[in-house]
Amino acid sequence: MTTLDLKKHLIQRISEIEDTAFLEAIKTILDSKSQILHLTAEQRAEIKQSQEQIEQGLFISQDKLDEEFEKWASEN
């Protein structure tokens, strides 16, 4: 089933539903999927700074961090 077919099928099925609570549940699901994330100027600046640090290689991989943690934990 293509995306378009699925959309048409769902529209048809939803149009047949009379249960208000069920329709509200569907609306809640749809609303949660389409939420727009609003960031403050400070959050956008922090994300930009993080992206620049990554581009400069100023990061550590999770595997390397795990290794360093295990080494630290065994010493303490």
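Being a predicted model, the structure only gives us computed values, none of them experimental.

### Observations regarding the overall build of the protein
(1) Moving on: When helices and strands are counted, the protein shows four helices and zero strands.
(2) Moving on: Taken from N to C terminus, the helices and strands of the protein fall in the order α-α-α-α.
(3) Moving on: Its C-alpha atoms give the protein a radius of gyration of 23 Å, clearly above 11 Å, the size a compact globule of 76 residues would have.
(4) Moving on: If one aligns the C-alpha atoms of the protein with their principal axes, the spans along those axes are about 65 × 35 × 30 Å.
(5) Moving on: Considering the protein as a whole, with its 76 residues, one finds that 1% of them fall into the buried category.
(6) Moving on: A total of about 7,500 Å² of accessible surface is found on the protein, and carbon and sulfur atoms cover 57% of it.
(7) Moving on: Positive and negative charge centroids in the protein, built from 9 and 16 side chains respectively, lie 8 Å apart.

### Some thoughts on the packing of aromatic side chains
(1) Moving on: Applying the stated criterion across every chain, the model contains one aromatic pair.
(2) Moving on: Where Phe69 meets Trp72, the ring centres are 5.8 Å apart and the plane angle is 35 degrees; that geometry is what we call tilted. With Phe69 and Trp72 both in helix α4 (residues 62-75) and three residues apart, this pair spans about one turn of that helix.

### Comments concerning the pattern of salt bridges
(1) Moving on: Under the criterion given, the structure shown has two salt bridges.
(2) Moving on: Between Asp31 and Lys27 there is a salt bridge; the shortest N-O distance is 2.7 Å. Residue Asp31 and its partner Lys27 are both found in helix α2 (residues 20-33); the two are separated by four residues, about one turn of the helix.
(3) Moving on: Classification of Asp31 by relative accessible area gives partly exposed; the value is 37%.
(4) Moving on: Lys48 is the partner of Glu52 in a salt bridge, and the nearest nitrogen-oxygen pair spans 3.8 Å. With Glu52 and Lys48 both in helix α3 (residues 41-55) and four residues apart, the pair spans about one turn of that helix.
(5) Moving on: The exposure class assigned to Glu52 is partly exposed, which follows from its relative accessible area of 36%.

### Details of a negative patch on the surface
(1) Moving on: Together, Asp63, Asp66, Glu67, Glu68 and Glu70 give the surface a local cluster of negative charge.
(2) Moving on: You can call Glu67 exposed: its relative accessible area is 51%.

About the cut-offs
- Residues numbered from 1 in each chain as written.
- Predicted model: local features only at pLDDT ≥ 70, side-chain atom pairs only at ≥ 80, totals over all residues.
- Heavy atoms only, no water.
- Helix = DSSP H or I, 4+ residues; strand = E, 2+ residues; numbered from the N terminus.
- Rg over C-alpha atoms; globule rule 2.2 N^0.38 Å.
- Buried < 20%, exposed > 50% of the residue type's maximum accessible area, 1.4 Å probe, protein only.
- Areas by Shrake-Rupley, 256 points an atom, 1.4 Å probe, with all protein chains shown as cover.
- Lys, Arg positive; Asp, Glu negative; His and termini not counted.
- Charge placed at Lys NZ, Arg CZ, Asp CG, Glu CD.
- Phe/Tyr/Trp six-rings, centres within 6.5 Å; stacked < 30°, edge-to-face > 60°.
- Salt bridge = Lys/Arg side-chain N within 4 Å of Asp/Glu carboxyl O.
- Patch = residues over 30% accessible without salt bridge, like charges linked within 9 Å, V, L, I, M, F, W, Y side chains within 5 Å.

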